[in-house]
Amino acid sequence: MKRQATKIGIAMVLVIMVLLSLHITPVKASNESASIEAANSSINQAFTNVLAAEKAGGNITQLLTELNNAGQLLAAADNAYRSGNLTSVTSNAENASLIADQVNSNALSLLNASIGKSQNNFWLTLVFSIDGAFVFVVVLFLVWRRFKRNYRMKLLGLKPKVVKNEA
Amino acid sequence: MKLENARIIFVTIGLIGVLLFASPTIVLLLKPPAGQEFTELYILGPNHTFDYIPFNIKANVTYLVYLGIGNNVGSPCYYTCFVKIGNETQFLPNATLGTASPLPALYEYKSFVGKGGTWEAPLTFQVNNLAFTNGECQLSGMTINGVDYPVSIASAWNSNATGFFYNLFVELWIYNSTLGTIQYNNRYVSLFLNMTE
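Note that the coordinates shown come from a computational prediction; the quantities given were computed from them, not determined experimentally.

(A) Representation of the overall build of chain A within the structure. On a plain count of helices and strands, chain A comes out with 3 helices and 0 strands. Reading the secondary structure of chain A in the N-to-C direction produces α-α-α. Going through the 167 residues of chain A one by one, you find that 24% of them count as buried. At a minimum sequence separation of 6, the contacts of chain A that also span at least 24 residues come to 77%.

Now the structure itself:
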């Protein structure tokens with residue numbers, strides 16, 4: 001009786017272990033899948049902000065280099081996942097996420113700085129255009145007045161000349 | 001010179017001057033029309049030329065080509081290149097409909113290329129298991145850039161071109177920041193491969 005109970009117990013443990021192993025594999029795969037998804041999302045967000053920073057006039061060369069590093073890690077994770085070799089998937093995806101988050105933060109700082117800089121640049125250019133055009137018109141008007149006065153003086157200074165009417 | 005003529009000259013100089021001073025602001029406000037926007041996708045041989053592009057393929061031999069991208073879109077781009085393989089009759093991307101191939105991707109590249117920039121990366125591939133039986137070639141194992149992939153693709157003997165042909169092709173996808181997803185760019189390059197014993 002006792003022996004039978006032991007056998008049943010061992011059989012149950014084995015069945016539970018088999019069931020657990022069946023469960024663990026998909027959970028592990030879904031963990032890898034989730035880390036790839038998270039890295040993908042981080043990189044997409046970082047790139048969107050880098051693009052915005054570039055549109056605002058920021059220099060994004062360094063940020064693109066870092067994004068390329070993150071992209072390579074994510075691609076390596078994706079490739080390993082597709083090949084069925086799950087060992088380095090999570091670490092690569094997490095490293096990609098870390099780099100992308102850092103790039104995202106730097107891109108936001110650059111975006112804010114670039115927006116302020118481009119606004120300043122715009123106002124400076126506008127002031128230069130308005131002031132420059134105004135000064136130019138005023139100077140030209142003064143030159144014109146002087147020219148007109150000289151012209152009239154010259155006309156007044158002319159001596160009348162008697163011309164014989166041939167007709 | 002008549003005074004009226006001088007007035008016309010002064011007014012003209014005034015207008016030109018105002019335009020010159022306003023031009024920096026006009027440049028900031030008006031964007032010039034963009035030219036044709038496109039991305040180049042290319043494959044070069046091992047010498048970075050069109051020479052020695054692999055064609056006759058043997059099992060367990062590594063072949064090298066270079067994959068390249070040129071960004072002429074006018075802004076930085078986030079590219080994904082999917083490497084796929086199929087036989088002669090399997091679906092390639094449809095250039096008319098602009099749809100990607102439904103075949104599963106084996107390998108992928110991700111790259112961020114600045115405005116006007118280029119990107120190039122090696123693409124090494126090796127077929128691991130080739131079996132030739134009853135006028136059919138069975139490919140069941142491939143290594144791309146050092147990563148092993150289990151594949152199972154059969155190709156029938158092509159009596160016209162005399163060979164067992166496969167297409168190794170690379171599709172170009174671009175990230176659309178408005179939609180928040182990657183989209184097929186209707187561009188692909190392919191290597192026509194003849195599997196030999």
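Further notes follow.
(B) Inspection of the domain arrangement of chain B at higher detail. What the domain assignment lists for chain B is domain 1 (1-32) and domain 2 (38-195). Once you take the C-alpha centre of each, domain 1 of chain B and domain 2 of chain B turn out to be 57 Å apart.

(C) The arrangement of unusual backbone geometry in detail. Residues and elements named next belong to chain B. One non-glycine residue, Asn60, lies in the positive phi region at around 65 degrees. Summarising the element assignment, Asn60 is placed in the loop between strand 2 (56-57) and strand 3 (63-72). Positioned with a positive phi, Thr162 is a non-glycine residue whose angle comes to about 45 degrees. Relative to the helices and strands, Thr162 is located in the loop between strand 11 (153-156) and strand 12 (164-176). Thr162 gets classed as exposed once you count the C-beta atoms within 10 Å, which come to 9.

(D) Molecular detail of the nonpolar core. With 61 residues, the main nonpolar core has Val50, Leu67, Ala77 and Ala96 of chain A as its most contacted residues. Per element, the largest residue contribution to this core is 11 residues, and it comes from helix 2 (residues 61-83) of chain A.

Thresholds applied
- Residues numbered from 1 in each chain as written.
- Chains lettered and ligands numbered in written order.
- Predicted model: local features only at pLDDT ≥ 70, side-chain atom pairs only at ≥ 80, totals over all residues.
- Helix = DSSP H or I, 4+ residues; strand = E, 2+ residues; numbered from the N terminus.
- Buried ≥ 20, exposed ≤ 12 C-beta atoms within 10 Å, placed from the backbone.
- Contact = placed C-beta atoms within 7 Å.
- Domains from an automatic or database assignment.
- Core = buried A, V, L, I, M, F, W, Y, C linked by C-beta atoms within 7 Å.

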